[in-house]
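Understanding the architecture of this molecule
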Amino acid sequence: VASSFPFSCSVQLWDSEEPVPRSELLAGVAGKDGLLCLLSDRIDKEVLDAAGPSLKVISTLSVGYDHLAIDEIKKRGIRVGYTPDILTDATAELTVALLLATSRRLPESVEEAKNGGWTTWKPLWMCGYGLSGSTVGIIGLGRIGQAVACRLKPFGVKKFLYTGHHPKPEAAVELKAEFVPLDKLAEESDFVIVTCSLMPDTQGMCNREFFSKMKKTSVFINTSRGAVVNQDDLYEALVDGQIAAAGLDVTTPEPLPTDNPLLSLKNCVILPHIGSATYSTRNTMSVLAANNLLAGLKGENMPSELKL
Ligand code: NDP
Ligand code: DGY
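Residues numbered from 1 in each chain as written. Chains lettered and ligands numbered in written order. Predicted model: local features only at pLDDT ≥ 70, side-chain atom pairs only at ≥ 80, totals over all residues. Heavy atoms only, no water.

For the record, the criterion: UniProt positions are given in the numbering used here, feature names are shortened, and annotations may be inferred rather than shown by experiment.
Under the annotation held in an unreviewed UniProt entry, the chain carries the name Glyoxylate reductase/hydroxypyruvate reductase and is attributed to Python bivittatus. Taken from UniProt, the Sequence similarities (unreviewed entry) comment for the chain reads in full: "Belongs to the D-isomer specific 2-hydroxyacid dehydrogenase family."

What follows is the structure in structure tokens.
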């Protein structure tokens, strides 16, 4: 976006749902005042250098901002808009759906009903794990983590555990959630749900050591970012029966190549990053991202500005 005053904008649009090719992005961003990007666009030093000193605002159509080189952005005094809160409900709902699909083996069961594997009612066939009386561990009790916990509570969860940088007494009190070290969360949870942001200290956090501490009957769910998980270690844990099952809405890379070994496992349910994918949420996100950009260009307060 290039802007001028009194306020008007000329917009250069990549008019496709496919990601903008890197070369087009580098050429197109040159001399622009603002940039509206998706989580699939890596906004690094190269892009910022290509944009040059005119770039004042970056607005991302996401709450996650791990695709933005925040240090470089900060150095240049560029403001950043993002889309928190409005996608919390949709993402929490999807997290619960993924948890139930994984723990009650829904994709596998649907397949059996179609392929003739359903021969008769058998006492232990297609059994999974239920939430009632369970302990649920949440890695990152932020906006989405809290919304997931609130939705799971009525299923009869006995206890919530959570990790993070510091306890969140206001959020935890209603859930009676206990702040614990990561090891304890791994050891005691029947369901582990990852809803933290991707940061240097969460990258690869769920690795062999972590999975080795989990119960053999436990279910692992990730709706944050793929890079929080070491996928080779997860594959081993699933194949060796170290954990019972995993449900992932996010992977590394995205899309996950169709020959990735995780896709061959019956106890791994993989979704194509659809956490916030309801029509109304995506519409609201789009309007917010546009309003963030416009406010930033006008030098006004953004509806949702990331504190850098
Ligand atoms: P919040 O900032 O509200 O929550 C992030 C949480 O991560 C905070 O509670 C923070 O805890 C926690 N966290 C950070 N570092 C660690 C750590 N080392 N260990 C444990 N917890 C940690 O963000 P949202 O809830 O709005 O979103 C969370 C993430 O979900 C986004 O960053 C995005 O990556 C992902 N997301 C995925 C979607 C999807 O489609 N699958 C949709 C929307 C979001 P503390 O405050 O203690 O640092
Ligand atoms: C985000 O907003 O970070 C999600 O991954 C997509 O909505």
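Quick word on the site of ligand 2
Counted only if it meets this: The criterion for a residue being near a molecule or strand is simple. One of its heavy atoms has to lie within 4 Å of it. Polar contact is defined as a pair of N or O atoms within 3.5 Å, subject to the rule that within protein one atom must be able to donate a hydrogen and the other to accept it, and that residues adjacent in sequence are counted only when both atoms are side-chain atoms. Per-residue and other accessible areas were derived by the Shrake-Rupley procedure at a 1.4 Å probe size, with only the shown protein chains allowed to occlude residues. Asp, Glu, Lys and Arg are counted as charged, while Ala, Val, Leu, Ile, Met, Phe, Trp, Tyr, Cys and Pro are counted as nonpolar; the rest, among them Gly, fall into the polar class.
Surveying the vicinity of ligand 2 reveals the residues Leu 39, Ser 62, Val 63, Gly 64, Leu 87, Arg 225, His 273, Ser 276 and Met 285. One of the backbone N or O atoms of Val 63 is found 2.7 Å from an oxygen atom in ligand 2. Within the side chain of His 273, one N or O atom sits 2.7 Å away from an oxygen atom of ligand 2. Within the complex, the protein chains bury 89% of what would otherwise be the 230 Å² of accessible surface of ligand 2. Looking at the shell around ligand 2 residue by residue, the classes come out as four nonpolar, four polar and one charged.

Some points on the UniProt feature "domain: D-isomer specific 2-hydroxyacid dehydrogenase catalytic" (unreviewed entry) in the chain
Worth spelling out the cut-off: Numbering of helices and strands runs from the N terminus; a helix is a DSSP stretch of H or I covering at least four residues, while a strand is a stretch of E covering at least two.
Residues annotated by UniProt as "domain: D-isomer specific 2-hydroxyacid dehydrogenase catalytic" (unreviewed entry) correspond here to residues 13-306. Helix and strand shares over residues 13-306 are 36% and 13% respectively, and the end C-alpha atoms of the span are 24 Å apart.

Regarding the site of ligand 1
Taken together, the neighbourhood of ligand 1 is formed by 29 residues, with Arg 143, Ile 144, His 165, Lys 168 and Asp 249 sitting nearest. Here a nitrogen atom of ligand 1 and a side-chain polar atom of Asp 249 are 2.8 Å apart. For the shell around ligand 1, a count of residues per class yields eight nonpolar, 16 polar and five charged.

Let's talk about the layout of surface pockets
Counted only if it meets this: Buriedness of a pocket was judged along seven lines, with at least five required to meet protein on both sides within 12 Å; pockets are open sets of points on a 1 Å grid over the protein atoms alone, cavities are sets where a 1.4 Å probe fits but cannot get out, and lining residues have an atom within 4 Å of a point. Grid points are joined across faces, edges and corners, and a volume is the space filled by probe spheres set on the points.
In this structure, the second largest pocket spans a volume of roughly 400 Å³. If you trace the second largest pocket, you find 21 residues lining it, with Glu 108, Leu 265, Lys 266, Asn 267 and Cys 268 closest to the centre. When contributions to the lining of the second largest pocket are tallied by element, the ones reaching two or more residues are α4 (88-103), α5 (106-115) and β12 (268-270). Counting residues per element, the lining of the second largest pocket draws most heavily on α5, which supplies four residues. By residue class, the composition of the lining of the second largest pocket is 11 nonpolar, five polar and five charged.

Some details on the environment of Glu 305
Short version of the rule: Here's how the labels work: a residue is buried when its accessible area is under 20% of the maximum for its type, exposed when over 50%, partly exposed in between, all with a 1.4 Å probe on protein chains only. Residue contacts follow a heavy-atom distance rule, with two residues in contact if any of their heavy atoms lie within 4.5 Å.
By secondary structure assignment, the location of Glu 305 is in the segment after α11 (279-298). Exposure remark for Glu 305: the relative accessible area of 30% places this residue in the partly exposed category. Sequence separation of Glu 305 and Ser 59 is 246 residues, and the distance between their C-alpha atoms is 8.8 Å. For Glu 305, the residues in contact, after removing those within four places along its chain, are Arg 79, Val 80, Gly 81 and Tyr 82.

With respect to the sheet that holds strand β4 (residues 57-60)
The condition is simple: Pairing between two strands is assigned when DSSP locates at least 2 bridges connecting them. Only the stretch in contact is used when fitting a helix axis, every axis being a line fitted to C-alpha atoms; angles between N-to-C directions are given from 0 to 180 degrees.
Taking strand neighbours across the sheet as the criterion, the three strands line up as β3-β4-β5 in an open arrangement whose pairing is parallel. In this open sheet, the two strands that pair with only one neighbour each are β3 (34-37) and β5 (79-81). This sheet shows a mean twist of 15° between the axes of neighbouring strands, independent of strand direction. As defined by bridge partners, β4 adjoins β5 across three bridges and the pair is classed as parallel. Bridge pairing in β5 links Val 57 to Arg 79. Helix-sheet contacts for α11 involve β3, β4 and β5, and the interaxial angle to β4 is about 170°.

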